[in-house]
Amino acid sequence: MEKNQVSRFRLALIGGSAGGLDAILKIMSRLQQVPSYPIVIVLHRKADYDTLLVDLLENRTVIPVREAEEKITIENGYLYVAPADFHLLFESDGTFALDASEKVNYSRPSIDVSFISAAEVYRENLLCILLSGANADGTAGMKTARELGATCIVQAPQSAEVPFMPESALKEMEVDLVLAAESIGDFMARL
Amino acid sequence: MEPLFRDEEIEMLLNDLLDTWGYDFTGYAHASLRRRISRLYLLRAFPSFAEFRYKLKNDSAFFHEFVEEITVNVTEMFRDPNFYRSISEQVFPWLSTKPFIRIWHAGCSTGEEVYSMAIMLKEANLLHKSLLYATDINPSVLENLRKGLFPMQHMKQYSENYIQAGGRLDFSSYYTAQYEWAKFDEVLHSKMIVSTHNLVSDQSFNEFQLIVCRNVLIYFDKGLQERVLRLFDDSLEKLGFLALGSKETLRFSDLSAGYSQLPNREKVWKKIK
Ligand SMILES: C[S@@+](CC[C@H](N)C(=O)[O-])C[C@H]1O[C@@H](n2cnc3c(N)ncnc32)[C@H](O)[C@@H]1O
């Protein structure tokens, strides 16, 4: 793919849990330029650490980092982080929505919930990425997303700190690519 | 594969609800509606959208089930403990100067939030002169509130929240265990007025010194958010306080000029004009 051409992808959505932050940092280390599309991160973690995570990422990437706030327009070239304790949903007018409903897979935000919501809006223009983690959140959502046309990448289990989450997806479905975190970053840099 | 519902289909359902049952959900944000409606649709294994639509128009029991399913009722006691801490530190001193305190909990769900506030008021020695108006669109969630019964299994978490919120007593002194339920002290309930109220269509019904509406506006689109904020503005005494959920804000509203946010991160605004 030629660099700087407009990407097919209108959104890259990354889900991770235990060990996910480490993988995200590896991805970011390979993204030396601000991408032409927005990146959204849904990471399981304790509540209270929202600003901490934004601050941490800000120091590790050239991409401007924001918390995903309800009703804000998702802009190209930003990295958004889903806040703790809400599910992150996507509206068809290109804005975020937050939802305080029941946990899914013991998680809020749930990766399944965000994958499905994003796929219903972005279809084949969505890139879904599932990283390291200790539960099966993300598998069902990725399956639906792929059926709706999304491109799906899973972190190679042997490169993941906690392989359960990517393994779970690979057991249940076919994906488009299985890559180590750094290679996911390289792939995204070429889009 | 296609998504289960197109946006037009969701709008069709909302128009039906308004025409047939007089409930206006047209100002609700779509992403959550889509998720809840899809869930109900799959759960009840409808063979087609047409059949779903037909049942919703013609079966009042199903209509009520639908409303319960699409309005998210999840709540807890002392949710965001620091919120309660800043209410008691920065709002209670002003409330205490009043001969009589009126608080409105709009969209209070099963009432955990209202009981939390009543406990804080009691510890500040303000409960005896307070009335807490607890309202929600969904009549069935208000039943728990009326009975003062909450699941026992959550009490450990709530007790931790309570301490973090600045609670000074033993949390378990506020309830008695009845099998799997915690029955809360009648004194708390005696200061509550419980009623259904629809923020979309019902009017202002009193003037308050504090209005609490948390995690409700996130489900509304911008236009409806603005309308509801106006309703709150009409129902709030000058120098009174408006408290929203941790991810909600007055910042983008036309009303923001008349309010100043408390000097911390909690979502509490004082009406200054
Ligand atoms: C997520 S709960 C929030 C409960 C509580 N305030 C809290 O923050 O924990 C949202 C509540 O808003 C209520 N609600 C939704 N639409 C409403 C409306 N139009 N008028 C009044 N209440 C509404 C729902 O029934 C639900 O109980």
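Here, every reference points to the structure presented above.
Keep in mind that this is a model prediction, so the values were computed, not measured.

Novice: Would you mind going over the overall build of chain B with me for this structure?
Specialist: What chain B contains, in helices and strands, is eleven helices and ten strands. Over its C-alpha trace chain B gives a radius of gyration of 20 Å, about what one expects of a compact globule, namely 19 Å for 273 residues. Oriented by its inertia axes, the alpha-carbon framework of chain B measures out at about 55 × 50 × 30 Å. Burial analysis of chain B (273 residues in total) assigns 55% to the buried set. Of the contacts formed within chain B by residues at least 6 apart in sequence, a portion of 76% connects residues at least 24 apart. Here chain B displays about 12000 Å² of accessible surface, and carbon together with sulfur accounts for 50% of that area. Side-chain charges of chain B comprise 33 positive and 36 negative groups, with the mean position of each set lying 6 Å from the other.

Novice: Looking at this model, I keep getting lost on the layout of surface pockets. Mind explaining?
Specialist: It is a probe the size of a water molecule, rolled over the atoms, that shows where empty space is left. Within this model, the second largest pocket holds a volume of roughly 400 Å³. Looking at the second largest pocket, it is lined by 19 residues, and the ones nearest its centre are A:Ile116, A:Glu120, B:Arg35, B:Ser38 and B:Leu42. For the lining of the second largest pocket, the elements supplying multiple residues, two or more each, are α3 (111-122) of chain A together with α2 (30-43) of chain B.

Novice: Help me understand the environment of B:Ser256, please; the structure alone is not making it clear to me.
Specialist: All names here are of chain B. Its place among the elements puts Ser256 in the loop between β8 (236-244) and β9 (259-261). For Ser256, a relative accessible area of 26% gives the class partly exposed. Along the chain, Ser256 and Leu229 lie 27 residues apart, while their C-alpha atoms are 9.9 Å from each other. For Ser256, the contacting residues outside a window of four places in its chain are Leu250 and Arg251. Reaching out from Ser256, the side chain makes a polar contact with the backbone oxygen of Ser253 at a distance of 3.0 Å.

Novice: Help me understand helix α3 (residues 49-58) of chain B, please; the structure alone is not making it clear to me.
Specialist: Since one α-helical turn is 3.6 residues long, residues separated by three or four positions face the same way. Residue and element names in this part refer to chain B. For α3, the full list of buried residues reads Phe49, Phe52 and Leu56. One side of α3 carries all its buried residues, which in axial view fall inside an arc of 60°. For α3, exposure combined with an orientation more than 90 degrees from the buried face picks out Ala50 and Tyr54.

Novice: In this structure, what is going on with the sheet that holds strand β3 (residues 149-151) of chain B? I would like to understand it.
Specialist: Backbone-to-backbone hydrogen bonds join strands into a sheet, with any given pair of strands oriented parallel or antiparallel. Residues and elements named next belong to chain B. Taken in spatial order, the three strands of this open sheet run β3-β5-β4, and their pairing is antiparallel. With partners counted over all chains shown, the strands left at the sheet margins are β3 and β4 (175-178), one partner each. Sheet twist, expressed as the mean angle between neighbouring strand axes with direction ignored, is 35°. Pairing analysis gives three bridges linking β3 to strand β5 (residues 181-184), with the strands arranged antiparallel. Note on β5: the bridge partner recorded for Pro151 is Trp181.

Novice: Any chance you could explain the site of the ligand here in plain terms?
Specialist: Residues and elements named next belong to chain B. Every one of the 21 residues lining the ligand counts as a neighbour, but Tyr28, Thr75, Arg79, Glu113 and Asp136 are closest to it. Interatomic distance of 2.5 Å between a side-chain N/O atom of Thr75 and an oxygen atom of the ligand. Within the side chain of Asp136, one N or O atom sits 2.6 Å away from an oxygen atom of the ligand. Protein contact buries 98% of the 600 Å² of open area that the ligand shows by itself.

Novice: Explanation requested: the pattern of salt bridges in the structure shown.
Specialist: Oppositely charged side chains can pair when the atoms bearing their charge come close. Scanning all chains against the criterion turns up 26 salt bridges over all chains. Across the pair A:Arg30 and A:Asp186 runs a salt bridge, and its minimum N-O distance is 3.0 Å. Taken together, the positions of A:Arg30 in helix α1 (residues 20-30) and A:Asp186 in helix α6 (residues 181-190) put the pair 156 residues apart, joining distant regions of the chain. We classify A:Arg30 as partly exposed; its relative accessible area is 36%. In this structure A:Asp186 comes out as partly exposed when scored by relative accessible area, which is 27%. Between B:Asp16 and B:Arg53 there is a salt bridge, with its nearest N and O atoms 2.6 Å apart. Of the two residues, B:Asp16 sits in helix α1 (residues 7-21) while B:Arg53 sits in helix α3, which places them 37 residues apart along the sequence. Assessed through its relative accessible area of 7%, B:Asp16 is described here as buried.

Rules behind the numbers
Residues numbered from 1 in each chain as written. Chains lettered and ligands numbered in written order. Predicted model: local features only at pLDDT ≥ 70, side-chain atom pairs only at ≥ 80, totals over all residues. Heavy atoms only, no water. Helix = DSSP H or I, 4+ residues; strand = E, 2+ residues; numbered from the N terminus. Rg over C-alpha atoms; globule rule 2.2 N^0.38 Å. Buried < 20%, exposed > 50% of the residue type's maximum accessible area, 1.4 Å probe, protein only. Contact = heavy atoms within 4.5 Å. Areas by Shrake-Rupley, 256 points an atom, 1.4 Å probe, with all protein chains shown as cover. Lys, Arg positive; Asp, Glu negative; His and termini not counted. Charge placed at Lys NZ, Arg CZ, Asp CG, Glu CD. 1 Å grid on protein atoms, 1.4 Å probe; cavity = no way out; pocket = protein on both sides within 12 Å on 5 of 7 lines; lining within 4 Å. Points joined across faces, edges and corners; volume = space filled by probe spheres on them. Polar contact = N/O pair within 3.5 Å; in protein donor to acceptor, adjacent residues only side chain to side chain. Arc of directions from axis to C-beta. Pairing = 2+ DSSP bridges. Axes fitted to C-alpha atoms, helices over the stretch in contact; angles between N-to-C directions. Near = heavy atom within 4 Å. Salt bridge = Lys/Arg side-chain N within 4 Å of Asp/Glu carboxyl O.

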